[in-house]
2 protein chains.
Amino acid sequence: MSRTAGAAGAVAGQGTGQGPEQGAGIKDVAREAGVSVGTVSNVINRPDLVSERTRRHVREVIDRLGYVRSESARQLRAGRSRLLSLLVLDMGNPFFVDLARGAERTARAAGLSVMVCNSDQSPAAEAEYLSLFAEQRVHGVLVTPADPSGSNLQEFRRHGIPFVLVDRVAGGVGGCSVSVDDVAGGAMAVRHLVSLGHRSIAYVSGQGHLLQVRDRRTGALDALAEAGLPPDALREVDADRLDVNSGRDAGARLLGMAERPTAVFCANDLLALGVLQAMYAAGVRVPEDIAIVGYDDIEFAAAAAVPLTSVRQPAATLGAMATELLLDEAGEQGAAHRHQQVVLRPELVVRGSSQIRR
Amino acid sequence: MSRTAGAAGAVAGQGTGQGPEQGAGIKDVAREAGVSVGTVSNVINRPDLVSERTRRHVREVIDRLGYVRSESARQLRAGRSRLLSLLVLDMGNPFFVDLARGAERTARAAGLSVMVCNSDQSPAAEAEYLSLFAEQRVHGVLVTPADPSGSNLQEFRRHGIPFVLVDRVAGGVGGCSVSVDDVAGGAMAVRHLVSLGHRSIAYVSGQGHLLQVRDRRTGALDALAEAGLPPDALREVDADRLDVNSGRDAGARLLGMAERPTAVFCANDLLALGVLQAMYAAGVRVPEDIAIVGYDDIEFAAAAAVPLTSVRQPAATLGAMATELLLDEAGEQGAAHRHQQVVLRPELVVRGSSQIRR
DNA sequence: CGAGTGTCATGAATCGATTCATCCTGGACG
DNA sequence: CGTCCAGGATGAATCGATTCATGACACTCG
């Protein structure tokens, strides 16, 4: 793009030509140190088998040559990589970012790295990623399934790579899972709204094929039934995706409804934030004119125009526990591993969007 | 180690004896199909070199055995992996999530996968990740440096793996970079505030070692100078980290200041959202009592209590362009590659947090 | 009929580290 | 002095796919 770039390129060319800069192998180290490759390998992996003298000498040579062992070669021998994969539904959702953080911390403590991927709620993308993981001979997979049928995972099972379902109970698929009780969460939200006197509540959701979305609705209906209200007290509003923009659209639609509900329960906080914006833009007061409850309790929920009442999920814990289960299954004593379905409880966090400040 | 281990071993032995469930190799395919391994490889990688008949037959066997080629073996031969690494400062910041999305799209179009990692603004973590990438013989690295000295990258250069700086101009380090003009962005923000009549402006920032933070301040000072205001019209408020919580703390401190500034410019939107919350909690009106301008224009900026005026950065474009440069440098004709420093321009988005609605 | 041409398939060498059976050496001990 | 042993070092085999020089075969043309 500029002349300066040219000069830089020339410099780079010289660099590669001159020295054997790129990639000293274990053989180079062995030769340079006057020992066998086996010894070099031992220095790195089982230092106690090598004499103090040799160890120090080889280490010195390694540093001097800038030797870095090749993971691919190790992997090839070991049969599997030192990577964990985490496949989430939406990286734009802070809930999954927190989840990833929890997983990463735990994995790194065990000497593994994490590769985070995004299925964007598409079963096709999910399938593609899963086969990528199989090619990589990944150590294990944490996955929030996008495919309700579970056939992607069924297929994946053939490869013998352990996986743990996250934010979803392992039902037909079998195996380990760590999830949060979405039915209970949905019930909490709606029970709260009912206790505030609301009798007509909208459920804003989308991506109906996601179990989380369906379970939260189920919980909502349970809560209504509990209160002796008919199921049609819950009015469905569909959003395209589970993000802020779709929430805004849904909010607009909500405003146009005849006999507008007095409260809104959203399948996640992104939707809720969108709905909130729509209300704000239309001059509808929250919570006086309409109450809003979200789901996930992402960090931004508390920072919203009106702080958002939300159902908190222990995202980081979810990621960490799932990783632990995965490591157990993938470990030496993997044979002794028993599959577990861990279900955590969510927690309702009441803020200004549902309750009038006094 | 224990009796059970022995038993487990036996089971495993049976397993391998019975069904080739786990991991059919290319050799198995070759044997089963009655061809050589070379032919199988050709079927996969250069189908045009194989006759229609054989091709079809081998494909059928591959499907039947559920053969998946081993990436590690390919990598070993190829010398480098098909993974791009992206090392960002903070995955909790939606700006970087957008950036990652842009990078991923471009990379996948080129048949590469992206591994996103989080240095959390720690030079030590950065160094650790970089050496991980070297071990992985990664195809290339996109990095938002956490280390101001650039010595981590200087060290990394030895490995001969191409890298591109993102959101940062390649200065001393050399090489490609794609960044946004932070000085210009800072100037835009403050120019805007000055034009609204503000004469005392706080700059809320933290992590002073980050160039982005410093550049934005420089721009702010430029704008003040432009307007004939003294540098001390900019009042520094330090936050620990660049997140919402730190912003809330900084906001509290701001409230305690003698001769409180009439406007706040924050180094990023997370801080701004935190400051906004602090004001809201203290009953200080925005923008009437104090104006706020953020930076990044993340999605949540528009959803805030008072929609946030912010300096928008083309995050996804940043990621995509950086990936393109990286692919060019890592490509066949890498020798012909000229290093480039691309600098994009940010854009001021004015919303309610700075300007009184009329 | 022999030479030439083009299409397919082959299989050994290779990438770089790990592992394990083997070998060496110096010292202890009977 | 011979034997045994333990601590160290060795180097060949191995993991699984790619690549390329070589070979087999069919077919055409002079």
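Note: the structure precedes this text.
Throughout what follows, the structure given in this document is the object of discussion.

Examining the overall build of chain A
Phase 1: Across its full length, chain A holds 13 helices and 12 strands.
Phase 2: A compact globule built from 358 residues should have a C-alpha radius of gyration of about 21 Å, whereas chain A, at 27 Å, is more than 25% larger.
Phase 3: The C-alpha extent of chain A, read off along each of the three principal axes, is 85 × 65 × 40 Å.
Phase 4: When burial is assessed residue by residue, chain A has 53% of its 358 residues classed as buried.
Phase 5: For chain A, restricting intrachain contacts to residue pairs at least 6 apart in sequence, the fraction spanning at least 24 positions comes to 70%.
Phase 6: For chain A, the accessible surface area stands at approximately 15400 Å², while carbon and sulfur atoms represent 50% of it.
Phase 7: Charge centroids of chain A, computed over 38 positive and 41 negative side chains, lie 6 Å from each other.

Some thoughts on the interface of chain A and chain B
Phase 1: Residue-level contacts link 61 residues of chain A with 58 residues of chain B.
Phase 2: For the pair chain A and chain B, the summed buried area comes to about 4900 Å², and 53% of that belongs to carbon and sulfur atoms.
Phase 3: When the area that chain A buries against chain B is broken down by residue, the three leading residues are V68, E135 and F300 of chain A, summing to 12%.
Phase 4: Taking the shortest distance from any N to any O, the salt bridge between R101 of chain B and D120 of chain A comes out at 3.6 Å.
Phase 5: Taken together, the links from chain A to chain B amount to 12 residue pairs in polar contact (both at pLDDT 80 or more).
Phase 6: When residues of the side of chain A that touches chain B are traced back to their parent elements, those giving at least two are α1 (3–18), α4 (52–65), α5 (71–78), α6 (94–109), β2 (113–118), α7 (123–136), α11 (244–256) and α12 (269–282) of chain A.
Phase 7: The residue makeup of the side of chain A that touches chain B, split by class, is 31 nonpolar, 14 polar and 16 charged.

Some words on α7 of chain A
Residue and element names in this part refer to chain A.
Phase 1: If you check α7, its first and last C-alpha atoms are 20 Å apart, about what 14 residues at 1.5 Å a residue would give, namely 20 Å.
Phase 2: Among the residues making up α7, those that are buried are A125, E126, Y129, L130, L132, F133, A134, E135 and Q136.
Phase 3: Immediately downstream of α7, the backbone of R137 shows phi near 50°, a positive value.

A few points about the protein's contact with DNA strand C
Phase 1: Near DNA strand C lie 25 residues; those nearest to it are I26 and R77 of chain A together with S36, T39 and T54 of chain B.
Phase 2: Those atoms of DNA strand C that come within 4 Å of the protein belong to sugar or phosphate at a rate of 72%.
Phase 3: Put simply, the parts of the chain that give the surface near DNA strand C at least two residues each are α3 (37–45) and α5 of chain A together with α3 (37–45) and α5 (71–78) of chain B.
Phase 4: With four residues, the single largest contributor to the surface near DNA strand C is α5 of chain A.

What to know about the state of the cysteines
Phase 1: Evaluated as defined, the whole model comprises zero disulfides over all chains.
Phase 2: There is no disulfide at C117 of chain A, and the cysteine sulfur nearest it, in C117 of chain B, is 11 Å away.

Re the pattern of salt bridges
Phase 1: Applying the stated criterion to the full structure yields 37 salt bridges over all chains.
Phase 2: Between D90 of chain B and R101 of chain A there is a salt bridge, with its nearest N and O atoms 3.6 Å apart. With D90 of chain B in the loop between β1 (83–88) and α6 (94–109) and R101 of chain A in helix α6, the pair connects residues from two separate chains.
Phase 3: By relative accessible area, which is 11% here, D90 of chain B ends up buried.
Phase 4: Using a relative accessible area of 25% as the deciding quantity, one classes R101 of chain A as partly exposed.
Phase 5: Between R285 of chain B and D289 of chain B there is a salt bridge, with the nearest N and O atoms lying 2.9 Å from each other.
Phase 6: Overall, R285 of chain B belongs to the partly exposed group, its relative accessible area being 49%.
Phase 7: The exposure class of D289 of chain B is partly exposed, given its relative accessible area of 32%.
Phase 8: Several salt bridges share partner residues, and in doing so they unite D90, D120, R241 and D243 of chain A together with R101 of chain B into one network.

Quick notes on the protein's contact with DNA strand D
Phase 1: Around DNA strand D, the structure places 24 residues, and the nearest of them are S36, T39 and T54 of chain A together with I26 and R77 of chain B.
Phase 2: In DNA strand D, the atoms that sit within 4 Å of the protein are 71% sugar and phosphate, with bases accounting for the remainder.
Phase 3: At 2.9 Å from a phosphate oxygen of DNA strand D is found a side-chain nitrogen or oxygen belonging to N45 of chain B.
Phase 4: For the surface near DNA strand D, the secondary structure elements donating two or more residues are α3 and α5 of chain A together with α3 and α5 of chain B.
Phase 5: The element contributing the most residues to the surface near DNA strand D is α5 of chain B, with four residues.
Phase 6: Residue classes in the surface near DNA strand D are distributed as eight nonpolar, 11 polar and five charged.

What to know about the relation of the copies chain A and chain B
Phase 1: For the pair chain A and chain B, the superposition axis carries a translation of 0.1 Å, the fit reaches an RMSD of 0.1 Å, and the rotation angle comes to 180°. Put plainly, the chains are arranged around a two-fold axis. If distances are taken from each C-alpha of chain A to the rotation axis, the shortest is found for A305 of chain A, at 1.4 Å.
Phase 2: Residue by residue, 87% of the interface of chain A is reproduced at the interface of chain B, so both copies engage with the same surface.

Some remarks on the sheet that holds β2 of chain A
Residue and element names in this part refer to chain A.
Phase 1: Strand order in the open sheet made by the six strands is β2-β1-β3-β4-β5-β11, with parallel pairing throughout. Whereas interior strands pair on both sides, the edge strands pair on one side only; in this sheet they are β2 and β11 (341–344). Averaged over neighbouring strand pairs, the angle between their axes works out to 15° when direction is ignored.
Phase 2: By the bridge criterion, three bridges tie strand β4 (residues 163–166) to strand β5 (residues 176–180) in an arrangement that is parallel. Across the sheet, residue L165 finds its bridge partner in β5, namely S177.
Phase 3: Sheet contacts for helix α13 (residues 315–330): β1 (83–88), β3 (140–143), β4, β5 and β11; angle to β5, the most-contacted strand, approximately 170°.

Reading guide: rules and limits
- Residues numbered from 1 in each chain as written.
- Chains lettered and ligands numbered in written order.
- Predicted model: local features only at pLDDT ≥ 70, side-chain atom pairs only at ≥ 80, totals over all residues.
- Heavy atoms only, no water.
- Helix = DSSP H or I, 4+ residues; strand = E, 2+ residues; numbered from the N terminus.
- Rg over C-alpha atoms; globule rule 2.2 N^0.38 Å.
- Buried < 20%, exposed > 50% of the residue type's maximum accessible area, 1.4 Å probe, protein only.
- Contact = heavy atoms within 4.5 Å.
- Areas by Shrake-Rupley, 256 points an atom, 1.4 Å probe, with all protein chains shown as cover.
- Lys, Arg positive; Asp, Glu negative; His and termini not counted.
- Charge placed at Lys NZ, Arg CZ, Asp CG, Glu CD.
- Buried area = accessible area lost by both parts, 1.4 Å probe.
- Salt bridge = Lys/Arg side-chain N within 4 Å of Asp/Glu carboxyl O.
- Polar contact = N/O pair within 3.5 Å; in protein donor to acceptor, adjacent residues only side chain to side chain.
- Nonpolar A, V, L, I, M, F, W, Y, C, P; charged D, E, K, R; others polar.
- Expected span 1.5 Å × (residues − 1).
- Near = heavy atom within 4 Å.
- Disulfide = S-S within 2.5 Å.
- Least-squares fit on C-alpha atoms with pLDDT ≥ 70 in both.
- Pairing = 2+ DSSP bridges.
- Axes fitted to C-alpha atoms, helices over the stretch in contact; angles between N-to-C directions.

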